[in-house]
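Chain by chain, the residues run as shown.
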Amino acid sequence: MPFSTAYRPETLHGRLGPEFYDPVEAATFPQHILRHRNQRWAAPLGLGDLTQEEWIAHFGRFEPLPGSLPQPLALRYHGHQFRHYNPDLGDGRGFLFAQLRDGDGRLLDLGTKGSGQTPWSRRGDGRLTLKGGLREILATEMLEALGVNTSKSFSLIETGEKLIRGDEPSPTRSSVLVRLSHSHIRIGTFQRLAYFEDKASLAHLLTHSVEHYLPDLDASAPPQELAPLFLKEVCRRVARMGAQWMVAGFVHGVLNSDNINITGESFDYGPWRFAPTFDSALTAAYFDETGLYAFGRQPGALLWNLGRLAESLLPLAPREALEEALAHFEPLVQAAFARNILRRLGLASLSQEADRTFAAAFVEFLISSKAPFEQTFFDWHGGMASRERAAASPNAAFYAQAAFESVFAALAPFASAPGLRLDHPYFARQTPCTMIIDEVEAIWAPIAEADDWSRFEDKLRDIALMREAYAGVTSA
């Protein structure tokens, strides 16, 4: 295996102890066809020079990466699923395969989806459909380009099995996905230990989490002091993630407590949607019959899950201190929302009050006018510097409405942000890159019918162009 000096293997999660995971074996697949290789993220981790055969050996057959975990670990956790507690959760079709460090020393996980059955599979087959893997790639690529803190789809390999699914025409093709993320420690990981009243392991997990994922906190502080500080920092990170979703027009679909991690990094994309317009009632999951996780209810759902984290920390810290930490979430998400509106529009901050006033006016316009979501952000990226571009947009009639007058007036004082790239070819076009559900189906159809991946590759190139155009504006 060719290594570069960037390759820095790690085994930290294995040192947590057997209470936190189950060693497992990967499934043996009849076929391995490489469908996606994220070279952009592989190269800086020292994995970019792997041959195709070596790539498949590690990310399809799951031969251990040298110096990293010697065996895959199915992680243990519990969680609330649609507000109902489930003590029978855990990695049921995935595992933690390897850990690495990036050039800044930050700990990274390589985890799987569709890698076979584990002790937590219950009645599932442990597999992932090829369409499910493709959808996760499209979600993560689009979200990353839009400035959302998200896991990265690292590898997708078609595995040659025929799967039966109730929500797809069956039999359907199988795959195994590898995702790159900064932590697989979830709210549900803490819930499980609280459920078993394992205070010692809870304190151990708290210290481990702070030491390795939240370096601005002092991991040596006693648990009664550390737990509220930890909760406040997780609230900050999750608030930022939620604001980023809202400003990207993204509906995650399944905001169960096992799908929220401590680093505030979006991950695990099953049923998801991008909103064509700002529709608070839009849901992504057909089984979300009450709209619990609808687009406009996502911040509230995140807060509810953070409340479950606070409850799990009660054996370690006073209730009052945890409630005080939790109370920071709402002002944090409001501030993050305004910051991300400005970031997406490529505008420099004026003041907290002016930023929030403008953000409120902009969103009110999106809601009342039902203007196309992504087109509006695209047209006004750069603020007043894009006035002529917006006037020539297919969306221009929306900006001539009386409803836009307050937005225009609030926009006028804002200067463009440093790093703005309006000269990029992306902004010479009339319409932006989008990812509404009909587009996903149009990408999948030729793959299903004729194994034609050209639309998929075209879309990834279009997303890459958008990512490049927006890359100069600082993330919020």
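Above this text sits the structure in question.
Not measured: the values here are computed from a predicted model.

1. Things to note about helix α6 (residues 223-248)
In step 1: For α6, spanning 26 residues, the distance from its first C-alpha to its last is 37 Å, which sits close to the expected 38 Å at 1.5 Å a residue.
In step 2: Summarising burial for α6: 19 of the 26 residues are buried, a large majority.
In step 3: Backbone geometry just downstream of α6 places glycine 249 in the positive-phi region, at approximately 70°.

2. Looking at the side chain of glutamine 375
In step 1: Relative to the helices and strands, glutamine 375 resides in helix α11 (residues 373-379).
In step 2: Within the local environment of glutamine 375, its side chain forms a polar contact with the side chain of serine 393, the two groups lying 3.4 Å apart.
In step 3: A polar contact is formed between the side chain of glutamine 375 and the backbone oxygen of glutamine 430, at a distance of 2.9 Å.

3. A few points about the nonpolar core
In step 1: Phe190 and Phe230 are the most contacted members of the largest nonpolar core, which totals 88 residues.
In step 2: Take this core: its biggest share by element is 12 residues, from α6.
In step 3: Residues Met246, Ala284, Leu366 and Phe414 belong to the second largest nonpolar core, which totals 31 residues.

4. Remarks on the packing of α6 against helix α7 (residues 298-312)
In step 1: Two elements in contact, α6 and α7, have axes whose closest approach is 10 Å; the angle formed by their N-to-C orientations is 160°. Classified by the angle between their axes, α6 and α7 sit roughly antiparallel to one another. Two packed elements cross with a definite hand, and for α6 against α7 that hand is right-handed. Contact with α6, carried on its side by Phe230, Leu231, Val234, Cys235, Val238, Met241, Gly242, Trp245 and Met246, involves Gln298, Pro299, Leu302, Leu306, Leu309 and Ala310 of α7 and no other residues of that element.
In step 2: The class makeup of the residues in the contact of α6 with α7 is 13 nonpolar, 2 polar and no charged.

5. Digging into the packing of helix α5 (residues 199-213) against α6
Helices that pack against each other are described as a pair by the angle of their axes relative to one another and the distance between those axes.
In step 1: The geometry of α5 relative to α6 is characterised by a closest axis approach of 10 Å and an angle of 55° between their N-to-C directions. Taken together, the axis directions place α5 and α6 in an arrangement best described as oblique. In this structure, the crossing between α5 and α6 has a hand that is left-handed. Residues Leu206, Thr207, Ser209, Val210 and Tyr213 of α5 form the contact with α6, whose own contacting residues are Pro223, Leu226, Ala227, Phe230 and Arg237.
In step 2: Residue composition of the contact of α5 with α6, by class: 7 nonpolar, 2 polar and 1 charged.

6. Structural notes on the pairing of strand β11 (residues 172-181)
In step 1: Most of β11 sits inside the fold, with 10 of its 10 residues counted as buried.
In step 2: Pairing of strand β9 (residues 128-129) with β11, which is carried by 2 bridges, proceeds in the antiparallel orientation. Bridging across to β11, threonine 129 finds its partner in serine 174.
In step 3: When strand β10 (residues 152-163) meets β11, the two strands line up antiparallel, connected through 8 bridges. Note that in β11 the partner of leucine 163 across the bridge is threonine 172.

7. Some details on the pattern of salt bridges
In step 1: As enumerated under the stated definition, the model contains 27 salt bridges in all.
In step 2: Across the pair glutamate 158 and arginine 173 runs a salt bridge, and its minimum N-O distance is 2.7 Å. One end of the pair, glutamate 158, is in strand β10; the other, arginine 173, is in strand β11, and 15 residues separate them in sequence.
In step 3: Of the residues examined, glutamate 158 reaches a relative accessible area of 6% and is grouped as buried.
In step 4: The exposure class assigned to arginine 173 is buried, which follows from its relative accessible area of 16%.
In step 5: One salt bridge connects arginine 237 with glutamate 233, and the closest N-O pair in it is separated by 2.8 Å. Here arginine 237 pairs with glutamate 233, and both are found in helix α6, just 4 residues apart, close to one helical turn. Both residues of the pair, arginine 237 and glutamate 233, count as buried.
In step 6: A cluster of three or more residues bridged by salt bridges with shared partners is formed by Arg35, Glu158, Arg173 and Asp451.

About the cut-offs
- Residues numbered from 1 in each chain as written.
- Predicted model: local features only at pLDDT ≥ 70, side-chain atom pairs only at ≥ 80, totals over all residues.
- Heavy atoms only, no water.
- Helix = DSSP H or I, 4+ residues; strand = E, 2+ residues; numbered from the N terminus.
- Expected span 1.5 Å × (residues − 1).
- Buried < 20%, exposed > 50% of the residue type's maximum accessible area, 1.4 Å probe, protein only.
- Polar contact = N/O pair within 3.5 Å; in protein donor to acceptor, adjacent residues only side chain to side chain.
- Core = buried A, V, L, I, M, F, W, Y, C linked by side-chain atoms within 4.5 Å.
- Axes fitted to C-alpha atoms, helices over the stretch in contact; angles between N-to-C directions.
- Parallel < 35°, antiparallel > 145°, perpendicular 65-115°, else oblique.
- Left-handed = near helix turned anticlockwise from the far one by under 90°.
- Contact = heavy atoms within 4.5 Å.
- Nonpolar A, V, L, I, M, F, W, Y, C, P; charged D, E, K, R; others polar.
- Pairing = 2+ DSSP bridges.
- Salt bridge = Lys/Arg side-chain N within 4 Å of Asp/Glu carboxyl O.

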